[in-house]
Amino acid sequence: MIQRIAFAVLFAAAIAVAAWAVEPPSAPAYGVRMENTWIPMKDGVRLSVTLYMPDGAKPGEKLPAILEYHPYRKDDAMAARDYAIFTYFTRRGYVGARVDIRGFGTSEGVPTDREYSEQEQADGLQIISWLARQPWSNGNVGMMGISWSGFNSLQMAMLHAPELKAILAADATAELFHDDIHYIDGMAHVDEFELNMDMAPGMTGAPDYTLDQKILGPRFEATPWSLLYLEHQRDGPFWRGPVRPLSEITIPCFLIGGLQDGYRDSIPAMIEQTKAPVKAIIGPWNHSFPDNADFGPRIEWRDEAVRWWDYWLKGRDTGVLQDPKLVIYMQHWHPPDPNLEAVPGEWRREEGWPPRDAKPRILFLQANHTLADSVAAKDVHQLKYVPSIGVESGFWWGELLTDPRPVDAFSLVYDSAPLQNEVAILGRPHAWVRASATAPSADWFARLSDVAPDGTVTQITGAGLNGAQRESMSEPRDLELGKVYPLDIEMHLTSWVFPKGHRIRVAISNALWPMVLPTPYPMTTSLELGANDGSRLVLPVVPVHGISPPAFQPPQPSEERRDIQSTGELFPGDWTTTRDEVNHKTTVHWHGKTETIYPWGRETDYENLTYDADDARPEISSVQGEAKSVFGLKGRVLTWQGHLSVTTDQKNFYYKYTRELSKDDQMIKTKTWQETIPRDHQ
């Protein structure tokens, strides 16, 4: 007994010493000085970098660098946003480095031929080496970013640059075909990103916006990426080339994601497959950093990032190795509301993936359109394909939505009985369906929803499956008419607590437009019910309450550039839907606008998209879009415009893109790309 007491005292003392030994994160002890300079590449091209330098560093003091690297122009479009992030880190003893990819913004060279090109990665390795060799550097470089710069942070980690010691990647994935926005769940998608990125290569850098043909010419002539991506309609070497297996990452990764973000599935995959240290936070947010998300609860993330960087780049023990591997937000029921200010719920910690206490619950699709634990009687349910349904279910798997009952009305819908107790899920639900179609091409979509006692429906998650990709995304094959296929529709990561008295709903459809372009054949699809392998829903059920993590801090005020003011926003913008019931046609129109005032002038950006679908002729669909950026500069007005058209028939995509540049309303440059591209199982 005495030995046990002595051991307990020693153990408690050891914990106390360990806790006392943890150092607080770096304090804001520096000023901020911005320097614009060049990073030379081996081929003579110079990349433009803005260095956020800690002012007041001691003589001979060596500091680590934090790199963010992408094509979203650092000297105009992203200048205010970059300042808010990098001043936070710089005041705490880090050199921030914001680099424009070659051929974009103020960097020299010809634009890269695609996202995440070999050239982009080769340049990235040289940038990291350059930062580590600077007189102020301690030799350690971290890389960070959201979306594009999160993607390439993962990719650079896969390349094992010796100076790259750790990364922070938000809203990012390594699955470029299935997860990225060009082919959502492997199916053709066109949205605002194409408008923005097809026009961007043609623009020169701020604040000069030179019209020198040596600089402007190669940019303006750069092939639009949307054309390149439409020519690669299946997975394979084109999409796999920029990435390596997640298991090959050997440096520590801090991951941030949102349950309303389209790239959230990558975080569980990273936790499962990456042997290096991983720290992850998944909140209820959309495609944003946690401190400025469209809805909350918002949290401060930069303080967590400083703790991370301090440990891996400065060698200070801030306790990050004792942090939970994953902190995730358990969403509680809320009504469908795109303007929701905060998602109700609670934080919980997990030490691995899948969650330790997760257990599958199987609910079988029943002949009377219910869900039940018991095996269903054999039956077949049929569904006529309506190409234009889906607007109310979102434009990618990442936003708060209105009530999806208008989509449910054209789906096969199955509801559980009112729940006798709360049911919590955490993970990726599966819809296992036995399905057939009367056409050689069909998509299937499964959506999981919460049905309140008053009938209100809140969509929780979902996913789609291209029937031709049922066995392989790289080798799609036509469906055999009438043949029944077992299909696994793995829905996107979610968390949810269904309240007592609510119902669980799964809805199956063959369209989710305009998120996914319609398949080209009229058809009827069927679901087979019955037996243990019949159509069923599998939910990852967990205890309603998990282990609580340490509390996050609320967002801290960000430093702002007083010389830049912006109003409006391009995305999410405004949407309208018009249905011509007599002629079976539907149109969805989207538009957004933003305006920014810089010291050198005013920039006004406009974007719009129009989607058309024809329920009587599903092969006929179109996407028409336009982007325009108007720069009011001293003594001149420059206008860059891009016009995108993608139309379809049964066999082909018809692509057209026109890039234009005007000076004082006089056209000075224009170029058009036009191609007919065969549909490849899309």
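Reading the values: the criteria
Residues numbered from 1 in each chain as written. Predicted model: local features only at pLDDT ≥ 70, side-chain atom pairs only at ≥ 80, totals over all residues. Heavy atoms only, no water. Buried < 20%, exposed > 50% of the residue type's maximum accessible area, 1.4 Å probe, protein only. Helix = DSSP H or I, 4+ residues; strand = E, 2+ residues; numbered from the N terminus. Pairing = 2+ DSSP bridges. Salt bridge = Lys/Arg side-chain N within 4 Å of Asp/Glu carboxyl O. Axes fitted to C-alpha atoms, helices over the stretch in contact; angles between N-to-C directions. Parallel < 35°, antiparallel > 145°, perpendicular 65-115°, else oblique. Contact = heavy atoms within 4.5 Å. Nonpolar A, V, L, I, M, F, W, Y, C, P; charged D, E, K, R; others polar. Polar contact = N/O pair within 3.5 Å; in protein donor to acceptor, adjacent residues only side chain to side chain. Phe/Tyr/Trp six-rings, centres within 6.5 Å; stacked < 30°, edge-to-face > 60°. Left-handed = near helix turned anticlockwise from the far one by under 90°. Core = buried A, V, L, I, M, F, W, Y, C linked by side-chain atoms within 4.5 Å. pLDDT = per-residue confidence, 0-100.

In terms of burial, strand β17 (residues 423–427) is largely enclosed, as five of its five residues are buried. Of the strand pairs in this sheet, β17 and strand β22 (residues 494–498) are connected by five bridges, and their pairing is antiparallel. Each bridged residue has a counterpart across the sheet, and for V423 the counterpart in β22 is F498.

Turning next to the pattern of salt bridges. Considering all chains together, one arrives at 43 salt bridges under this definition. Close ionic contact of D563 with R561 constitutes a salt bridge, the shortest N to O distance being 2.9 Å. If you follow the salt bridges from partner to partner, you end up with E68, R81, D82, R98 and D100 in one network.

With that settled, the discussion passes to the packing of helix α3 (residues 118–132) against helix α4 (residues 148–158). Contact pair α3 / α4: the axes reach a minimum separation of 11 Å and the direction vectors enclose 75°. The angle between α3 and α4 falls in the class roughly perpendicular. Residues E120, Q121, G124, L125 and I128 of α3 form the contact with α4, whose own contacting residues are W148, N152, Q155 and M156. Residues belonging to the contact of α3 with α4 are distributed by class as follows: four nonpolar, four polar and one charged.

We now examine the environment of A200. By the secondary structure assignment, A200 is in the loop between α5 (192–199) and α6 (213–220). As a C-alpha pair, A200 and E118 span 82 residues in sequence and 19 Å in three-dimensional space.

What follows is about the sheet that holds strand β4 (residues 95–100). The strands making up a sheet are joined through hydrogen bonds of the backbone, oriented either antiparallel or parallel. The ten strands lie next to each other as β1-β2-β4-β3-β5-β6-β9-β10-β11-β12, forming an open sheet whose pairing is mixed. The sheet is open, and its two edges are formed by β1 (31–40) and β12 (345–350), each paired on a single side. In this sheet, neighbouring strand axes are inclined to one another by 20° on average, regardless of whether the strands run parallel or antiparallel. Pairing analysis gives three bridges linking strand β10 (residues 278–283) to strand β11 (residues 326–331), with the strands arranged parallel. Paired with A280 across the strands is L326, a residue of β11. Together, β1, β2 (46–55), β3 (63–70), β4, β5 (137–146) and β6 (164–170) form the strand contacts of α3, whose direction differs from that of β3 by roughly 160°.

Moving on: α6. When α6 is considered as a whole, its buried residues turn out to be L216, G217, R219 and F220. For α6, the elements touching its buried residues are β30 (636–648), β31 (652–663) and β32 (666–678). For α6, the N-terminal capping position is held by D212, with its side-chain oxygen 2.9 Å away from the main-chain nitrogen of K214.

Most of α4 is tucked away: eleven of the eleven residues are buried. Where α4 terminates, the next one or two residues include H160, which has phi positive at roughly 60°.

Under the counting rule described, the total for this entry stands at 30 aromatic pairs. Taking the centre distance of 5.3 Å and the plane angle of 20° together, the rings of Y52 and F86 count as stacked. Taken together, the positions of Y52 in strand β2 and F86 in helix α2 (residues 79–90) put the pair 34 residues apart, joining distant regions of the chain. Residues Y52 and F86 agree in their burial class; the two are buried. Note on Y263 and W396: the rings are 5.3 Å apart at their centroids and 85° apart in plane angle, and the pair reads as edge-to-face. Of this pair, Y263 sits in the loop between β9 (253–258) and α9 (266–273) while W396 sits in the loop between β15 (379–384) and α11 (405–408), placing them 133 residues apart in sequence. Taken individually, Y263 and W396 each receive the classification buried, so the pair is uniform in this respect.

Put simply, α2 and helix α10 (residues 302–314) touch, their axes get as near as 10 Å, and they point 45° apart. With respect to their mutual orientation, α2 and α10 come out oblique. Seen from above, α2 lies across α10 with right-handed handedness. Touching A84, Y88 and F89 of α2 are R302, D303, A305, V306 and W309, all from α10. Counted by class, the contact of α2 with α10 contains six nonpolar, no polar and two charged residues.

Our next topic: the nonpolar core. One finds F89, L131, W309 and W640 to be the most contacted residues of the largest nonpolar core, which totals 195 residues. Setting aside anything within four residues of it in sequence, one finds W309 in contact with I66, F89, Y94, G142, M143, M144, A166, I167, L168 and K314.

Here the focus is the confidence of the model for the protein chain. For the protein chain, per-residue confidence averages 95 on the pLDDT scale, and residues scoring 70 or more make up 97% of the total. Low confidence marks residues 1–20, where pLDDT is under 50. Its contacts with residues over four positions away, or in another chain, come to zero contacts.

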